[in-house]
Amino acid sequence: MKSKIAGIVFILGSLYYLIAEAISAFSFNDTLINTYMFYTISELGIPNANSPLSFLMNSAFVIIGLTFIFGNFYKFKII
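Notes on the structure follow.

A few words on the overall build of the protein chain. Looking only at helices and strands, the protein chain features 3 helices and 0 strands. The order of α-helices and β-strands along the protein chain, N terminus first, is α-α-α. On C-alpha atoms alone, the protein chain measures out to a radius of gyration of 15 Å, which is more than a quarter above the 12 Å that the 2.2 N^0.38 rule sets for 79 residues. With the C-alpha coordinates aligned to their principal axes, the bounding extent of the protein chain is approximately 45 × 20 × 15 Å.

In structure tokens:
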């Protein structure tokens, strides 16, 4: 049962990351192809004129990190 809950946490965290990245990339002040070819993912999180939704990407970085930590601790019965 703990493995199933950990798997659900991993899936939800990953889905949030992918959706937040896609929304941030669409709102980046360049074409979508240029955004992925010439910029790094970290640049989506830099608050400047090019990235108006940097807070969304930064929250995705934090949430995916927390889900990895929680999922691994929960799976290995430390919590």
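Picking up after the structure, the text goes on.
All right, on to the packing of aromatic side chains then. Across all of its chains, the model carries 3 aromatic pairs by this definition. Taking the centre distance of 6.1 Å and the plane angle of 55 degrees together, the rings of Phe10 and Phe68 count as tilted. On the criterion of sequence distance, the pair formed by Phe10 in helix α1 (residues 2-27) and Phe68 in helix α3 (residues 54-75) is long-range, its members being 58 residues apart. Both rings, one in Phe28 and one in Tyr39, keep their centres 4.8 Å apart while their planes meet at 65 degrees; by these two values the pair is edge-to-face. Placement of the pair is Phe28 in the loop between α1 and α2 (32-38) and Tyr39 in the loop between α2 and α3, with a sequence separation of 11 residues.

The biggest cluster of nonpolar side chains holds 9 residues, and these are Tyr17, Ala20, Ala25, Phe28, Leu44, Leu56, Met57, Ala60 and Ile64. Listed by contribution, the elements that provide at least two residues to this core are α1 and α3. Counting residues per element, this core draws most heavily on α3, at 4 residues. Those residues within four positions of Tyr17 in sequence are excluded, and the remaining contacts are Ile41, Met57, Ala60, Phe61 and Ile64.

A rise of 1.5 Å per residue sets the reference length of α3, with its 22 residues, at 32 Å; its end C-alpha atoms lie 31 Å apart and thus fit the reference within 8%. Listing the buried residues of α3 in full gives Ser54, Leu56, Met57, Ala60, Ile64, Thr67, Gly71 and Tyr74.

Let us now look at the environment of Ile33. Inspection of the secondary structure assignment puts Ile33 in helix α2. Spatially, the C-alpha atoms of Ile33 and Thr67 are 29 Å apart, while their sequence positions differ by 34 residues.

Tracing the sequence through the fold places Thr35 in helix α2. Residue classification places Thr35 among the buried residues on the basis of a relative accessible area of 3%. Of the polar contacts made by the side chain of Thr35, one reaches the backbone oxygen of Thr31; its length is 2.8 Å. Not counting residues up to four positions away in its chain, the partners in contact with Thr35 are Ala25, Phe28, Asp30 and Leu44.

Reading guide: rules and limits
- Residues numbered from 1 in each chain as written.
- Predicted model: local features only at pLDDT ≥ 70, side-chain atom pairs only at ≥ 80, totals over all residues.
- Heavy atoms only, no water.
- Helix = DSSP H or I, 4+ residues; strand = E, 2+ residues; numbered from the N terminus.
- Rg over C-alpha atoms; globule rule 2.2 N^0.38 Å.
- Phe/Tyr/Trp six-rings, centres within 6.5 Å; stacked < 30°, edge-to-face > 60°.
- Core = buried A, V, L, I, M, F, W, Y, C linked by side-chain atoms within 4.5 Å.
- Buried < 20%, exposed > 50% of the residue type's maximum accessible area, 1.4 Å probe, protein only.
- Contact = heavy atoms within 4.5 Å.
- Expected span 1.5 Å × (residues − 1).
- Polar contact = N/O pair within 3.5 Å; in protein donor to acceptor, adjacent residues only side chain to side chain.

Purely geometric stuff here, so don't read any function into it on its own.
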